[in-house]
Structures are given as C-alpha cells and as structure tokens.
Amino acid sequence: MEDTYNTNPQLLKEPLSFADLINAGTQFEVDTANYNNTAYDDFVVDDNDEDVDEEAIDHEALVSPWTRSFEELRKLMTPVNEYIYKRITRAGIKEQGLVPDKARVALRYTAYWEGQTAPFDSSMLRGTKFEFETGQHMVLEGLEAAVRTMSVYEQSEFIISYKLLFHEMGCPPRIKPRADGLFKIEVIEFTLIGDENSLENIAPEDRNKFEVVFPKAQDMHLHGKDCVKRGSYRNAVAAFERAIASLNYCRLADEKDEIKQRDLLITLYTNLMVCNNKVNKPASVCIAMKALRRLTDNQPSCKALFQEGRALAALGDYEQARKSFVQAQAKQPNNKEISEEIIKVEQRVSKYKKSVREIWTRALAVKKQPEKKSEENVSNQQLKREFESQLKEFKNSSLQSLNMSRKMYTDKEFDMLRLLATQFNMKLSLSPLDVDQLTLSKLQIK
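Residues numbered from 1 in each chain as written. Predicted model: local features only at pLDDT ≥ 70, side-chain atom pairs only at ≥ 80, totals over all residues. Heavy atoms only, no water.

Caption draft 1: How the structure looks around helix H8 (residues 282–295). The terminal C-alpha atoms of H8, which comprises 14 residues, lie 20 Å apart, in line with the 20 Å expected from a rise of 1.5 Å per residue. Regarding H8, the residues found buried are Pro282, Val285, Cys286, Ala288, Met289, Ala291, Leu292 and Leu295. Where the residues of H8 are buried, they touch helix H7 (255–278) and helix H9 (302–314). One or two residues past the end of H8 sits aspartate 297, with phi positive at roughly 55°. (Helix = DSSP H or I, 4+ residues; strand = E, 2+ residues; numbered from the N terminus. Expected span 1.5 Å × (residues − 1). Buried < 20%, exposed > 50% of the residue type's maximum accessible area, 1.4 Å probe, protein only. Contact = heavy atoms within 4.5 Å.)

Caption draft 2: Highlighting the environment of threonine 361. Note on placement: threonine 361 falls in helix H11 (residues 336–364). Assessed through its relative accessible area of 34%, threonine 361 is described here as partly exposed. Taking C-alpha positions, threonine 361 is 9.4 Å from serine 405, a pair spaced 44 residues apart along the chain.

Caption draft 3: Broad picture of the UniProt feature "repeat: TPR" (unreviewed entry) in the protein. As annotated in UniProt, the feature "repeat: TPR" (unreviewed entry) corresponds to residues 302–335 in the numbering used here. Measuring from the first to the last C-alpha atom of residues 302–335 gives 10 Å, for a span that is 79% helix and 0% strand. (UniProt positions renumbered as here; feature names shortened; annotations may be inferred.)

Caption draft 4: Summary view of the side chain of glutamine 261. Here glutamine 261 shows up in helix H7. Ignoring sequence-local partners within four residues, the contact set of glutamine 261 consists of Phe210, Leu247, Asn248 and Leu252.

Caption draft 5: The arrangement of the packing of helix H5 (residues 210–229) against helix H6 (residues 233–248) in detail. Between H5 and H6, whose axes approach to 8 Å, the crossing angle comes to 165°. With respect to their mutual orientation, H5 and H6 come out roughly antiparallel. Here H5 and H6 pass one another in a crossing that is left-handed. In this structure, H5 contributes Phe210, Val213, Phe214, Ala217, Met220, His221, His223, Gly224, Lys225, Cys227 and Val228 to the contact, and H6 contributes Tyr233, Asn235, Ala236, Ala239, Phe240, Arg242, Ala243, Ser246 and Leu247. (Axes fitted to C-alpha atoms, helices over the stretch in contact; angles between N-to-C directions. Parallel < 35°, antiparallel > 145°, perpendicular 65-115°, else oblique. Left-handed = near helix turned anticlockwise from the far one by under 90°.)

Caption draft 6: Fine view of the side chain of threonine 439. Here threonine 439 shows up in strand S10 (residues 437–442). A relative accessible area of 18% means that threonine 439 is categorised as buried. Apart from residues no more than four positions distant in its own chain, threonine 439 is found in contact with Ser401, Leu402, Asn403, Lys427, Leu428 and Ser429.

Caption draft 7: Region of the structure containing the pattern of salt bridges. Summed over the entire model, instances satisfying the criterion amount to 23 salt bridges. Between glutamate 71 and arginine 74 there is a salt bridge, and its shortest N-O distance comes to 3.5 Å. Taken as a pair, glutamate 71 and arginine 74 lie in helix H3 (residues 70–74) at a separation of 3 residues, close to a single helical turn. Between aspartate 415 and arginine 418 there is a salt bridge, and its shortest N-O distance comes to 3.3 Å. Of the two residues, aspartate 415 and arginine 418 both sit in helix H13 (residues 411–423), 3 residues apart, roughly one turn of that helix. (Salt bridge = Lys/Arg side-chain N within 4 Å of Asp/Glu carboxyl O.)

Caption draft 8: How the structure looks around unusual backbone geometry. Put simply, proline 172 and proline 173 share a cis peptide bond, and its omega is 10°. Along the chain, the position of proline 173 falls in the loop between strand S6 (155–160) and strand S7 (181–192). A positive phi angle, near 55°, is found at arginine 178, a position not held by glycine. Phi is positive for aspartate 297, which is not a glycine, with a value near 55°. Mapping aspartate 297 onto the fold places it in the loop between H8 and H9.

Caption draft 9: Structural view of the environment of alanine 321. Of note, alanine 321 is situated in helix H10 (residues 318–331). Under the relative-accessibility criterion, alanine 321 is labelled buried at 0%. Through-space distance from the C-alpha of alanine 321 to that of glutamate 346 is 9.8 Å; in sequence the pair is 25 residues apart. What alanine 321 contacts, discounting residues up to four positions off in sequence, is Gly309, Leu312, Ala313 and Val345.

Caption draft 10: Focus on the pairing of S6. Within S6, 5 of the 6 residues are buried, which leaves it mostly tucked inside the rest of the structure. With 6 bridges joining them, strand S2 (residues 84–90) and S6 adopt antiparallel strand pairing. For arginine 90, the partnering residue across the bridge sits in S6 and is glutamine 155. Bridging between S6 and S7 involves 6 bridges; their strand directions are antiparallel. The partner of serine 156 across the bridge, within S7, is isoleucine 185. (Pairing = 2+ DSSP bridges.)

Caption draft 11: A look at the layout of surface pockets. Estimated volume of the second largest pocket: approximately 220 Å³. At the level of secondary structure, the elements contributing two or more residues to the lining of the second largest pocket comprise strand S3 (103–113), S6 and S7. A breakdown of the residues in the lining of the second largest pocket according to their chemical character gives 4 nonpolar, 4 polar and 4 charged. (1 Å grid on protein atoms, 1.4 Å probe; cavity = no way out; pocket = protein on both sides within 12 Å on 5 of 7 lines; lining within 4 Å. Points joined across faces, edges and corners; volume = space filled by probe spheres on them. Nonpolar A, V, L, I, M, F, W, Y, C, P; charged D, E, K, R; others polar.)

Caption draft 12: Spotlight on the sheet that holds S10. Pairing is antiparallel in the open sheet, where 3 strands are placed in the order S8-S10-S9. Each edge of the open sheet carries a strand with a single partner, namely strand S8 (401–405) and strand S9 (426–430). In this sheet, adjacent strand axes meet at a mean angle of 20° when their direction is disregarded. With 5 bridges connecting them, S9 and S10 associate as antiparallel partners. Following the sheet pairing, methionine 426 is matched in S10 by lysine 442. Contacting S8, S9 and S10, helix H12 (residues 380–396) runs over the sheet at an angle of about 60° to S10. Seen against the sheet, H13 touches S9 and S10 and runs at an angle of roughly 145° to S9.

Caption draft 13: Highlighting the packing of aromatic side chains. Scanning all chains against the criterion turns up 7 aromatic pairs. Their ring planes at 75° and their centres at 5.6 Å tell us that tyrosine 109 and phenylalanine 130 sit as a pair that is edge-to-face. In this pair, tyrosine 109 is assigned in strand S3 and phenylalanine 130 in strand S5 (residues 130–133), connecting sequence segments 21 residues apart. A relative accessible area of 22% places phenylalanine 130 in the partly exposed class. Taken together, a centroid distance of 6.2 Å and an interplanar angle of 85° make the contact between phenylalanine 120 and phenylalanine 183 edge-to-face. (Phe/Tyr/Trp six-rings, centres within 6.5 Å; stacked < 30°, edge-to-face > 60°.)

And the structure:
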C-alpha cells in the first residue's frame, strides 16, 4: 500500500540526546498522519497559486519530453558526472563560454518526475524567467551544476540524481524518497557579478601589493556593473569608488602594472561618471573627468565627454557643456544622441540669453511719463544704488554687451550710468550709426 502524508507540524514525544545519537544511535517514530516538511516550498510552485494566468500558459510546452523510464533516457544522454546526464537539444553560443561562478544567470526551466507528463515545477508557470546567482547556494545543487555546463542560448535536458536534489528523504507527499528529476533548461543570459566583499578580504599587509589588489578591484568593478544593471546606482558609485581607492593605493612593480592600473582606472572613472549623473551629482562627474583627463593625457573617450557635457548642462554651464558635446561628436559624428544633446544645449543657451536680455532691458529701462520726470520720484542716492545693483548683476552674467535706447534716460541719468559703468570696468557708448542706441559692454582685462 502506498504511504500517504499530511502537512501538519510534528514534535517528538521524547527529546533526543545528542551524545546518545552520536555514540549508540537512537530510534524514534514519526506520526505520518501529521508529517510536515516545508523545505520544498521555496522551489516548487504551489498548485493553488492565484497569481498564475492560466490562459497565458502553453500547456503543450509543459508536457514532459520523456515518459518512459529514466534508465532508457540515460542511454541517449552524455554523462556529465556520476550524478548528472545531459542531452543538448539546441546548441548555445560557445564563444561566450560556459556559465561561470559569481554570475547572475537568467533561464527558463521545467522539471519532471520519472514517468509523469506534468511538471512538478516550471518557471513558465510563473510567466517569467528565473534568475539566480551562481556560487551562492540559492538553488538546488543539481540545478546549478547542470546550468554551469551550459552556454548562452543553449537548451538541454538533464537527468539529475536525487543526491543533488532532495536527497534520501525527499519532501513527501509531493517528492518521493530518492527521486531523480528530468530538467529542461534554457539559458537566456548571464552576467558576472563580482564580489562586493573582495577588497575587505585582503590582508592589511597586502593592500598595497598590486598583484593582490588588482584582481580584487576587478571583482569590485564587476559588482558595480551588476548594480548598474539592477538600477542600484548609489551602490554602483560606492563600488567604483572603492575599487579606484584601492588601485591608487598600490605600489607598482613595472610598466606592465602601470598600464593595467591605468586601463582599469579609466574604465572605473568613466562608469563612475555615468552613475553620478544618474544620481544627480554633476559636480562629482566633473571631478572624475579631471582624473580621466590626467590618465588619458587630456584625450578622454567619447563616452566620458558625453557624460561631462550632461553634468555641465545640469550645472548650468551651457557653453562648456556644448564644447564637451562637440568634442564627443568629433569622435562619433553619426551618434544621434550626441546631436540631440547639442541641440538641447543650444536651445537652452538661446532661451537663457533671451531671458537675461529681457530682464536687463526691463531692469535698466526707467520708463518716463511725459508729465512726470524721474527726478521727482527717485532720489539721486536711490537711483545710484539701483544702477550699481544692476551693473553688478550684468558683470556676473555671461553676456558681454547689452543694447538699450538712449531715450530711456535723462541726461542726468545717462551721465550717472556712464560714470558708474567706468567704475565696474565697463563702457557705455552711443552707436555712431544710430544716435538713439546705447551699448553697455564689458572691457577686456589685459
């Protein structure tokens, strides 16, 4: 008769002695009417999962490709080791290599018990790809071992021994003891994730040794890139900064070490610029660019120039931003994104100049009423303070000159403004072609 199980908590009637268990062993009986094991729940999809869209599931694709004995199927497969057999159904991209350790891998899989047509688990039942990190014991040992034999785009079938799945006991009632599994797996992609603790694991006496620090800094760089992929830009900034600091602290043995250090630092600083722009820290972007210019003999990459342009634009320095974008465009003339940024900056500059010009025109235009003179409303001292304030603002603006109408000022106001302009190293002059036009301009300091 086949055993049946429920899923209720079970306690032992008599406590076990650890010493007796080691020395002489012990016997105990479990009430199978109240047996429970939830270790399987994190791996197997619940039959009653309400989030599953039944209409979106391709049930035909979920049918097991093999319903006869696993022993027959093993004969058609290639042994990976004594616990795993493999059959490739679609070759992958071998040039990208096999799924390595410390990688985030995305895959689709479906798993079956021997002789059953319906799967006991499938990522397709959840309507999405499944992701995990290799080397972190996040999935069943057998599943990770099988995936580690695959390359991107590959589809394969595996028979995996119970010893790498749910072991001797299984997880009744849904997993029988000593149950091998058939897995259909497709690897979609993988990315290296590095090690966020790599630099912390360096011994204090080795932290200035380049041959020790360099591979750890590479690991930290990979961790930063993985953070970027997941949208965790602040963590990426921290990772890149830590890698940069560790490399700058190293002592270099020869020119080869110097080249390796420089190349990795250039990559780190460039990626740091991207992330600082993402977290709205344009000033930090500009600081990183200074380091890049030093490392590249003032020949930064197109990517770095583009990021510098964005940072300068965010800081309101549109003229310098445009220069950076133009330099980037010289390196990649057909890059549409750069062209769009240049157009945006030029529009901002034009709008800014127009806005400033309008403000200054209004500020310096002391309009006259025919029946009332300005002397009647504004004292000389008050008028002088207004002119001084306006001239200070003009001095600090990006404009080099400003045109005004002579009719806006009385002779007294014109003389006062002209004298004050001289004190601010400016010149107020009449146009030789139009006696009604005044030009206020900044004098060049030699």
